[in-house]
Amino acid sequence: MIPFDFEYYRPDTAEEAVSVFAELEAEGKEPVYYGGGSELISMARVGSRSFGAVIDLKNISECKAMEDRGNGFYLGAGLTLSDLVEWNGFPLLSKTAGRIADHTMQCKITLGGNLAATIIYRETALPLLLSDAKLTFAGADGFKEYDMDTVFRERLLLPRGEFLAGVMLDKGFFSLPYFHEKKTKNEKIDYPLITAEGLKKAGVLRIAFSGLAAYPFRDDKVEKTLNASYLSPERKADKVVKHLSSVIQSDLSGSAEYRKFVLKETILNILDTMKGV
Ligand SMILES: Cc1cc2nc3c(=O)[nH]c(=O)nc-3n(C[C@H](O)[C@H](O)[C@H](O)COP(=O)(O)OP(=O)(O)OC[C@H]3O[C@@H](n4cnc5c(N)ncnc54)[C@H](O)[C@@H]3O)c2cc1C
């Protein structure tokens, strides 16, 4: 049971959502935008989050859209992970979505909710970071588009009152060779000990991680090391582990030392898989 009362709004347009948010904020109701509600509701139940109103984004057309737009493909932030799995237009994104939680939860969790989540993993950020995606924010001035790497730094940098309407993907990335390795402590369906995923663009390997640090990330130095032709795979893996050692986290899923061991094995495996493609 949720131990407090809250109001529920389901606006039909982005303008309405933003203005309802502003009104509720002015009334001191601490509104939140609502995607699938999985995180908001579970946190509210255990008393770690409270709000006086939720603004459900599901009726807003820009949040529900899935549109081919020439060289780009637009995905609304209100699409669920199972919508992304079914679509499968960008296999790396669909694979990522299909490895988050179980099928029942995938039908609830939204792309926007995963990217804006408090929980540290935000795994759908990885294919978006790797493919130079653009994010559309909705605010008082309408819609604005930003490069993923300027508005997603460890977490989504949304100004208060704005929400994520959707993401624009460059279709040129859809058919590139990719890898996705999610290591969990016990079960296949679990939070990641490490998720490493990447793709190869014009012979250059890109890689992004979740679970390794307290946030999802890409790192220039790691990618330069992996692409250095003069280094052996073993040397590359050691250098990557050394370079990332200050951000590698310890938690209930595994110690930093264990994560370093898994990271090295994962890098060697990826280098081997991707060498011929
Ligand atoms: C069993 C289980 C297993 C999980 N495993 C993983 C995992 O392995 N990897 C992983 O990455 N995640 C995992 N998650 C976390 C899950 O992805 C998050 O709970 C999810 O991100 C919440 O999505 P939602 O749509 O339900 O968001 P909500 O609960 O609706 O919202 C979450 C947060 O995002 C904000 N928000 C929602 N939509 C928007 C928007 N469009 N614009 C701006 N802000 C918005 C809300 O205000 C809230 O702060 C798991 C969750 C469960 C329940």
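This section reports on the structure supplied with the text.

1. Things to note about the packing of aromatic side chains
Taken as a whole and assessed by the stated rule, the structure comprises 15 aromatic pairs. Centroid distance Phe-21 to Tyr-33: 4.8 Å. Interplanar angle 25 degrees. Geometry classified as stacked. Here the residue Phe-21 occupies a position in helix α1 (residues 14–26), and Tyr-33 occupies one in strand β2 (residues 31–34), the gap between them amounting to twelve residues. Of the residues examined, Phe-21 reaches a relative accessible area of 5% and is grouped as buried. Both rings, one in Trp-87 and one in Phe-174, keep their centres 5.8 Å apart while their planes meet at 80 degrees; by these two values the pair is edge-to-face. Residue Trp-87 is found in helix α4 (residues 81–87), and its partner Phe-174 is found in the loop between β10 (163–170) and β11 (178–183); the two are separated by 87 residues along the sequence. Take Trp-87: its relative accessible area is 18%, and that puts it in the buried class. Positioned over the ring face of Tyr-74 is Arg-69, at 4.3 Å from the centre of the ring.

2. Describing the side chain of Ser-94
Take Ser-94: it is sitting in helix α5 (residues 91–98). According to the relative accessible area criterion, Ser-94 is buried, its value standing at 4%. Once you skip the residues sitting within four places of it in the chain, Ser-94 turns out to touch Leu-84, Val-85, Trp-87, Asn-88 and Gly-89.

3. Examining the site of the ligand
Around the ligand, the surrounding shell holds 32 residues, and the nearest of these are Tyr-33, Gly-35, Ser-38, Thr-110 and Glu-123. A distance of 2.6 Å separates an oxygen atom of the ligand from a polar atom in the side chain of Thr-110. In this structure, Arg-122 approaches the ligand through a main-chain N or O atom, which is 3.2 Å from an oxygen atom. About the coverage of the ligand: the protein hides 89% of its 970 Å² of free accessible area. At the level of elements, β2, α2 (38–45), α7 (111–115) and β10 are the ones that each hand at least two residues to the shell around the ligand. Among the residues forming the shell around the ligand, the class breakdown is 18 nonpolar, eight polar and six charged.

Conventions used here
- Residues numbered from 1 in each chain as written.
- Predicted model: local features only at pLDDT ≥ 70, side-chain atom pairs only at ≥ 80, totals over all residues.
- Heavy atoms only, no water.
- Phe/Tyr/Trp six-rings, centres within 6.5 Å; stacked < 30°, edge-to-face > 60°.
- Helix = DSSP H or I, 4+ residues; strand = E, 2+ residues; numbered from the N terminus.
- Buried < 20%, exposed > 50% of the residue type's maximum accessible area, 1.4 Å probe, protein only.
- Lys NZ or Arg CZ within 6 Å of the ring centre and 35° of its normal.
- Contact = heavy atoms within 4.5 Å.
- Near = heavy atom within 4 Å.
- Polar contact = N/O pair within 3.5 Å; in protein donor to acceptor, adjacent residues only side chain to side chain.
- Areas by Shrake-Rupley, 256 points an atom, 1.4 Å probe, with all protein chains shown as cover.
- Nonpolar A, V, L, I, M, F, W, Y, C, P; charged D, E, K, R; others polar.

Functional significance is not addressed by these values, which are geometric in nature.
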